[in-house]
Amino acid sequence: MASCCFSSSATNSRSIYSSASILQRIQQQHVIVSVASPGLQYNKFSLRSNSNSPSFPLAAASQDGAISTTVTSIENDIPLKKVRDTKISVAPPEESKGITPFDLNKDKSSVTITVVGASGDLAKKKIFPALFALYYEDCLPEHFTIFGYARSKMTDAELREMVSKTLTCRIDKRANCGEKMEQFLKRCFYHSGQYDSEANFAELDKKLKEHEAGTIANRLFYLSIPPNIFINAVKSASTSASSANGWTRVIVEKPFGRDSESSAALTTALKQYLEEDQIFRIDHYLGKELVENLSVLRFSNLIFEPLWSRQFIRNVQLIFSEDFGTEGRGGYFDNYGIVRDIMQNHLLQILALFAMETPVSLDAEDIRNEKVKVLRSMRPIQLDDVVIGQYKSHTRGGVNYPAYTDDKTVPHNSLTPTFAAAALFIDNARWDGVPFLMKAGKALHDRRTEIRVQFRHVPGNLYKRNFGTDLDHETNELVIRVQPDEAIYLKINNKVPGLGMRLDRSNLNLLYSTRYSGEIPDAYERLLLDAVEGERRLFIRSDELDAAWSLFTPVLKDLEDKKTVPEYYPYGSRGPVGAHYLAAKYKVRWGDFAGDQ
Ligand SMILES: NC(=O)C1=CN([C@@H]2O[C@H](COP(=O)(O)OP(=O)(O)OC[C@H]3O[C@@H](n4cnc5c(N)ncnc54)[C@H](OP(=O)(O)O)[C@@H]3O)[C@@H](O)[C@H]2O)C=CC1
Ligand SMILES: O=C1O[C@H](COP(=O)(O)O)[C@@H](O)[C@H](O)[C@H]1O
């Protein structure tokens, strides 16, 4: 079996997170949990808590104690309550919640993943390839089925044909890939229907039932559709196709509204049909390897956390750039712009993880509590602290690159920003006065996402003569390159070997491709797996979303009310010069412009 989540190892980090959730919910007498064990994935067990016992094992044993298993998720609705030092042991079957007799020989649950909007771009590009990668790695439960749902007419065979063309992910070069693909495609089915039709979803429900094995039928719906039809689809799906006896979860794609008001309205509408813990708001940047690593870097290395404050950090930069325009997505993009598309979600989420205080534990609620706290400590962005740009056409090497407004789906006089830079501030004791600069743009000279942490100068530096008059120039800089070529490197000042005393800046470099041989999973793989497992840590809670919109809504409104004209920059350039003036206002130099990067 490939190394994946369904291992019996108690040191598996996924298991530890899940066990933390159990610690929070173990107060009542009988707990129904899903237990994963080699070859016995997703069995339901009834566990009995015994509060007199001094220890809490990460692994639960089967009734006869023969098989050691790892607890992965809880399936009941009891309120969160923290009780430590609680021992759990496997108890005889409970009649509650439709759990039938305890039987290690039968797997009682299935998971169906329905991709709503299966004919679309995201489904083809990301969701089906990610599901296949999970299947290839044996990460999906034993009884799983995938359904595509959309209005387009397609047979199962046509869906499989469409999906097979997209499975060109990292897996396709691996051993027995063809065989695995065939097996995977056999698990894929299609149902055509309208998004607002309860009758059509009832038909889907009927088909799902035909494929669901065992007594517990868990269902995950992935809403890969435009936002204006989210609510109709949620209403129809929850009314007509919710699981009768297992969990029903819904992954919602961004955009989650376009400002505080519309986001709150979306949340209210979703909550008419779903509980908050059924809603998985996805921000795929949270599934990126180096974003997930941020907390590890901070909280498990002594050398970073003590420096992580205004005392030592001069500024933090969050940089996103793409070397292509809005090609094909202009219609969507023009209604949102780069601030909503990238800054309010992806970059702000990274900022929150970067700047939050140490969470009580790695449990989803503890982490999200800290993220909300830091977001709520931030100042709403001021108009003076934002620069916007839009790309114009440019000819280079005989090739003509289009302007944003050349896109047929974009109004010719659109003022929508395709580039923005902003300065943000966190008004708390740790970060008072430290500028957090964000920069995001399309059609720039390269594709990259990185976090740059510029440290203060060394007080009373013995070598200050080597730095000229600007002591802040040659300071340490920590760079976390999220993509491409994942890396973490620290710029240090170093003596150039030789008889003289010449200093230069060198990198202590952790380049992932040279350090780690394994492939880095796509963000959607991690997030889909988490949703199946009920792990909410990397999904956005509604109060986080409210806090995020509060920061951006006033300035977005100002920009739109004042019809602010963006600064035009040539396709393929480094973006508007205004971004430098903004940085200079806070005595910052963008790190991605330095010669030695
Ligand atoms: N594509 C991407 O790279 C990313 C997308 N997202 C988000 O994911 C979601 C899906 O994106 P994407 O796949 O690009 O979207 P698409 O525009 O490709 O739409 C997905 C499917 O929805 C149906 N659809 C499209 N427009 C309408 C409409 N006006 N009314 C009813 N149904 C419609 C179509 O299926 P049919 O006609 O067969 O019903 C289409 O195949 C969106 O919320 C998007 O914002 C987020 C990040 C990146
Ligand atoms: O959410 C979005 O992200 C993509 C960039 O994602 P990446 O994983 O390829 O970096 C961006 O192109 C798109 O505009 C935006 O909606």
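Attention here is on the structure that accompanies the text. All of these numbers come straight from a predicted model, not from anything done at the bench.

1. A short note on the site of ligand 1
Taken together, 20 residues form the shell around ligand 1, and within it S119, D121, K125, S152 and Y195 come nearest. Within the side chain of S119, one N or O atom sits 2.7 Å away from an oxygen atom of ligand 1. Here ligand 1, which alone exposes 870 Å², has 77% of that area covered by the protein. When residues of the shell around ligand 1 are assigned to their parent elements, the largest contribution, three residues, is made by helix α2 (residues 121-136). Class assignment for the residues of the shell around ligand 1 results in ten nonpolar, four polar and six charged.

2. Re the site of ligand 2
Taken together, K254, H284, Y285, K288, E322, R329, D341, H346, K442, R447 and Q483 form the complete shell of residues around ligand 2. The separation between an oxygen atom of ligand 2 and a polar side-chain atom of K254 is 2.7 Å. Within the side chain of Y285, a nitrogen or oxygen atom sits 2.4 Å from an oxygen atom of ligand 2. Out of a free accessible area of 400 Å², ligand 2 has 84% covered by protein chains. Here the shell around ligand 2 is built from residues that sort into one nonpolar, three polar and seven charged.

3. Concerning the sheet that holds strand β12 (residues 313-321)
Taken together, nine strands build an open sheet; the order of strands is β21-β20-β19-β18-β12-β17-β16-β13-β23 and the sheet is mixed. Looking at strand neighbours, the two that pair on one side only are β21 (503-511) and β23 (567-570), the edges of this open sheet. The sheet shows a mean angle of 20 degrees between the axes of neighbouring strands, direction not considered. In terms of strand pairing, strand β13 (residues 386-392) meets β23 through four bridges, oriented parallel. Residue pairing for β23: K392 is matched across the bridge by P570.

4. Points about the sheet that holds strand β8 (residues 188-192)
In spatial order, the strands read β8-β7-β6-β9-β10-β11-β22; together these seven strands make up an open sheet with mixed pairing. Edge positions in the open sheet fall to β8 and β22 (539-540), since each of these has one partner strand only. As paired elements, strand β7 (residues 144-150) and β8 share five bridges and run parallel to each other. From the neighbouring strand, Y149 faces β8, where its bridge partner is H191. Lying over the sheet, helix α4 (residues 177-186) contacts β7 and β8, oriented at roughly 35 degrees with respect to β8.

5. Some details on the nonpolar core
F128, F184, F354, F436 and F552 are the most contacted members of the largest nonpolar core, which totals 148 residues. Here this core takes twelve residues from helix α10 (residues 337-355), the largest share from any one element. Ignoring sequence-local partners within four residues, the contact set of F552 consists of V339, M343, Q344, L348, I381, L424 and M438.

6. Regarding a nonpolar patch on the surface
Together, L415, V565 and Y568 make up an exposed nonpolar region whose accessible area comes to about 260 Å². When you line up the elements, Y568 lands in strand β23.

7. Regarding the packing of aromatic side chains
Per the counting criterion, the structure on display carries 23 aromatic pairs. On the basis of an interplanar angle of 25 degrees and a centroid distance of 4.3 Å, the ring pair of Y149 and F201 is categorised as stacked. Placement of Y149 in strand β7 and of F201 in helix α5 (residues 198-211) is noted, with a sequence separation of 52 residues between them. Take Y149 and F201: they sit in the same class, and that class is buried. Grouped by ring-pair contacts, the aromatic residues F333, Y391, Y401, Y404, F419, Y569 and Y571 constitute a single cluster. When the ring centre of W247 is taken as reference, the NZ or CZ atom of R249 above it lies at 3.6 Å. A cation over an aromatic ring shows up here: K288 above the ring of Y285, its NZ or CZ 4.6 Å from the ring centre.

8. Description of helix α3 (residues 156-166)
Because an α-helix packs 3.6 residues into every turn, residues spaced three or four apart end up facing the same way. When α3 is considered as a whole, its buried residues turn out to be L159, M162, V163 and T166. One side of α3 holds all its buried residues, which, seen down the axis, span an arc of 95 degrees. Seen from the open side of α3, the exposed residues pointing more than 90 degrees away from its buried face are A157 and K165. Check the buried side of α3 and you find it contacts α2, β7, α4 and β8.

9. Quick notes on the pattern of salt bridges
The full count for this structure, using the stated rule, is 36 salt bridges. Here E276 makes a salt bridge to K271, at a shortest N to O gap of 3.1 Å. K271 gets classed as partly exposed once you look at its relative accessible area, which sits at 36%. For the salt bridge of K439 with D592, the shortest nitrogen-to-oxygen distance reads 3.0 Å. On the criterion of sequence distance, the pair formed by K439 in strand β17 (residues 436-441) and D592 in the segment after α15 (578-585) is long-range, its members being 153 residues apart.

Scoring rules and cut-offs
- As a convention, each chain's residues are numbered from 1 in the sequence order in which they are written.
- Each chain gets a letter, beginning with A, and each ligand a number, beginning with 1, in the order they are written.
- Under the rules for a predicted model, residues below a pLDDT of 70 receive no local features and side-chain atom pairs below 80 are neither given nor counted, while totals for whole chains, interfaces and linings still include all residues.
- Neither water nor hydrogens contribute to the side-chain values; these are computed over all heavy atoms in the structure.
- Residue proximity to a molecule or strand is established when one non-hydrogen atom of the residue lies within 4 Å of it.
- Distance and chemistry together define a polar contact, namely a pair of N or O atoms within 3.5 Å, with one atom able to donate a hydrogen and the other to accept it when in protein, and with adjacent residues in sequence counting only for side-chain atoms on both sides.
- Here the open area of atoms and residues is found with the Shrake-Rupley method and a 1.4 Å probe, where only the protein chains shown may cover a residue.
- What counts as a helix is a DSSP run of H or I of at least four residues, what counts as a strand is a run of E of at least two, and both are numbered from the N terminus.
- Nonpolar residues are Ala, Val, Leu, Ile, Met, Phe, Trp, Tyr, Cys and Pro. Charged residues are Asp, Glu, Lys and Arg, and all others, Gly as well, are polar.
- Paired strands, as defined in this entry, are two strands with at least two bridges between them according to DSSP.
- Note on geometry: axes are C-alpha line fits, over the in-contact stretch for helices, and angles between N-to-C directions span 0 to 180 degrees.
- Residue contacts are counted whenever heavy atoms from the two residues lie within 4.5 Å of one another.
- Residue types Ala, Val, Leu, Ile, Met, Phe, Trp, Tyr and Cys, when buried and joined through side-chain atoms within 4.5 Å, form a set referred to as a nonpolar core.
- Working definition: with a 1.4 Å probe on protein chains only, accessible area under 20% of the residue-type maximum means buried, over 50% means exposed, and in between means partly exposed.
- For patches, a residue must show more than 30% relative accessible area and have no salt bridge; joins then use 9 Å for like charges and 5 Å for nonpolar side chains, namely Val, Leu, Ile, Met, Phe, Trp and Tyr.
- Here, a salt bridge means any Lys or Arg side-chain nitrogen found within 4 Å of an Asp or Glu carboxyl oxygen.
- Any two of the Phe, Tyr and Trp rings considered here, Trp counted by its six-membered ring, make a pair once their centres fall within 6.5 Å; the pair's planes then place it as stacked at under 30 degrees, edge-to-face at over 60, or tilted in between.
- In this scheme, the term charge over a ring applies when either NZ of a lysine or CZ of an arginine sits within 6 Å of the ring centre and within 35 degrees of the ring normal.
- An arc is given here, and it is the one of the directions from the helix axis to the C-beta atoms.

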